[in-house]
Amino acid sequence: MRRKKLPTEVAVGSRSYPIDADFRTMIEIEGILFGKNISEEQEAFAREIMQYTEMSHEDACMNARYYAAMDLFYKGNIPDDLGEAADKLLWFYSCGKEEPKGKKPKQPVLSFRHDFDYINAGFMQDYKIDLLEIDFLHWWKFMSLFAALHDDCKICEIMGWRGADVTKMDKEQKKRAREMQRIYALPKDIPEEEKERQDAITDALLHGGDVDAVLRSGQA
């Protein structure tokens, strides 16, 4: 099989732009785009956008989030065509996968930030990679390795408990599953709607779904 070169730049218009392809940057970008809170700087930029456009506060905040995310992604050199630039960011975030596969999960099973210690432990167990010390790991490679973690990794066990369908269990199994779901519950300060969208994004990333479609449906 021919070796596939992982992208470190994207084409926007007629130019190629270097990008920050490290997994840590993409996790930070994920937090900017989908996190509950917006920074003071982003809020100020949103107010400025509203002064010159007829955007709602919600849409202005989303635009401010995207601008901050693109500033990281393009290393401070954001292309003039912001629409195409944002599309290329989403394309890269989804690891270049465009065709939807799989279904949206019924409940959230993962937060890269909240579960990072468990994820790192899995990488150390399976690949002898310490995510806290590695200088660079391409986002696409990170996601590929994450998707291939063995079932006996703690993070896989946790995701399994969070996504367990208790309706098909007997009384004792339900009791056990609900207790484990309580123990490993994700932070409750994230709105339920946002939890569902974050997990839908994660499911799309892991199973080749259309992340762009998930994001756009959340903005409708």
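Further up the page is the structure itself.
Below or above, wherever it landed, is the structure these notes cover. Not measured: the values here are computed from a predicted model.

Check the secondary structure of the chain and you find 10 helices and two strands. Going residue by residue from the N terminus, the α and β elements of the chain occur as β-β-α-α-α-α-α-α-α-α-α-α. A total of 220 residues make up the chain; the buried ones form 43% of that total. Taking all contacts inside the chain whose residues are at least 6 apart in sequence as the whole, residues at least 24 apart take part in 64%. Carbon and sulfur atoms provide 50% of the accessible area of the chain, an area that totals close to 13,200 Å².

Applying the stated criterion to the full structure yields 16 aromatic pairs. Pairing phenylalanine 73 with tyrosine 74 gives two aromatic rings, centres 4.9 Å apart and planes at 80 degrees, and the pair type is edge-to-face. For phenylalanine 73, a relative accessible area of 0% translates into the label buried. On the accessibility criterion, tyrosine 74 (1% relative accessible area) is buried.

Next up on the list: the nonpolar core. In this structure, Phe123, Trp139 and Phe142 are the most contacted members of the largest nonpolar core, which totals 46 residues. Among the elements of the structure, strand E1 (9–12), helix H1 (23–34), helix H3 (57–73), helix H4 (82–93), helix H5 (116–127), helix H6 (139–147) and helix H7 (154–162) are those that each provide at least two residues to this core. A total of seven residues in this core trace back to one element, the largest contributor, which is H1. Aside from chain neighbours lying at most four places away, what touches phenylalanine 142 is Phe23, Ile27, Phe112, Ile119, Phe123, Leu131 and Leu137. Grouped together as the second largest cluster of nonpolar side chains are six residues, Val166, Ala177, Met180 and Tyr184 included.

Moving on: the pairing of E1. Residues of E1 alternate between two faces, with Val10 and Val12 buried on one and Glu9 and Ala11 left unburied on the opposite face. Alignment of E1 against strand E2 (residues 15–18), held across four bridges, turns out to be antiparallel. What sits directly across from glutamate 9, in E2, is proline 18. In sequence, E1 turns back onto E2 through a hairpin of two residues, with glycine 13 there showing a positive phi of about 70 degrees.

On to the side chain of arginine 65, then. Along the chain, arginine 65 falls in helix H3. Residue arginine 65 is classed as buried on the basis of its relative accessible area, which comes to 9%. Looking at arginine 65, its side chain comes within polar contact range of the main-chain oxygen of glycine 35, at 3.1 Å.

Turning next to the packing of H3 against H4. Helices that pack against each other are described as a pair by the angle of their axes relative to one another and the distance between those axes. For the pair H3 and H4, the least separation of the axes is 10 Å and the interaxial angle reads 70 degrees. Classed by the angle they form, the pair H3 and H4 counts as roughly perpendicular. The handedness of the crossing between H3 and H4 comes out as left-handed. Contacts between H3 and H4 involve Tyr66, Tyr67, Ala69, Met70 and Phe73 on the former and, on the latter, Leu82, Ala85, Ala86, Lys88, Leu89, Leu90 and Phe92. Class assignment for the residues of the contact of H3 with H4 results in 11 nonpolar, no polar and one charged.

With the rule as written, the count across this model stands at six salt bridges. Residue aspartate 115 pairs with arginine 162 through a salt bridge whose shortest N-O separation is 2.7 Å. On the criterion of sequence distance, the pair formed by aspartate 115 in the loop between H4 and H5 and arginine 162 in helix H7 is long-range, its members being 47 residues apart. Grouping residues by exposure puts aspartate 115 and arginine 162 together as buried. Measuring nitrogen to oxygen at the nearest pair gives 2.7 Å for the salt bridge that ties glutamate 179 to arginine 182. Within this pair, glutamate 179 and its partner arginine 182 are both found in helix H8 (residues 171–183), separated by three residues, close to a single helical turn.

With that settled, the discussion passes to the environment of glutamate 157. Summarising the element assignment, glutamate 157 is placed in helix H7. Residue glutamate 157 is classed as partly exposed on the basis of its relative accessible area of 31%. Among all residues touching glutamate 157, those that are not within four sequence positions of it are Asp151 and Met180.

Reading the values: rules and limits
- In this numbering scheme, every chain counts its residues from 1 along its sequence in written order.
- Local features in a predicted model are, by the rule used here, given only for residues with pLDDT of at least 70; side-chain atom pairs are given and counted only at 80 or more, and totals for whole chains, interfaces and linings are based on all residues.
- As a rule here, side-chain values come from all non-hydrogen atoms in the structure, and water together with hydrogens is ignored.
- Labels follow the DSSP assignment, with helices taken as runs of H or I lasting at least four residues and strands as runs of E lasting at least two, numbered in each case from the N terminus.
- Note on exposure labels: buried denotes an accessible area under 20% of the residue type's maximum, exposed denotes more than 50%, and partly exposed covers the range between, all computed with a 1.4 Å probe on protein chains only.
- Here a residue-residue contact requires only that any non-hydrogen atoms of the pair lie within 4.5 Å.
- Here, Shrake-Rupley sampling with a 1.4 Å probe gives the accessible areas, and only protein chains in the shown set may cover a residue.
- The rule is short: rings of Phe, Tyr and Trp, with Trp giving its six-membered ring, pair when the centres are within 6.5 Å, and they are stacked under 30 degrees, edge-to-face over 60, tilted in between.
- Here, the term nonpolar core denotes a set of buried Ala, Val, Leu, Ile, Met, Phe, Trp, Tyr and Cys residues that are joined through side-chain atoms within 4.5 Å.
- At least two DSSP bridges between two strands are needed for those strands to be called paired.
- Whenever two N or O atoms come within 3.5 Å, that pair is a polar contact, provided that in protein one can donate a hydrogen and the other can accept it, and provided that, for residues adjacent in sequence, both atoms are side-chain atoms.
- To get an axis, fit a line to the C-alpha atoms, keeping to the stretch in contact for a helix; angles then go from 0 to 180 degrees between the N-to-C directions.
- Angle categories: roughly parallel below 35 degrees, roughly antiparallel above 145, roughly perpendicular from 65 to 115, and oblique for all the rest.
- Each crossing gets its handedness from the near helix: less than a right angle anticlockwise from the far helix is left-handed, clockwise is right-handed.
- In this count, Pro and Cys sit with the nonpolar residues alongside Ala, Val, Leu, Ile, Met, Phe, Trp and Tyr, while Asp, Glu, Lys and Arg are called charged and the others, Gly among them, polar.
- For salt bridges, the criterion is a side-chain nitrogen of Lys or Arg within 4 Å of an Asp or Glu carboxyl oxygen.

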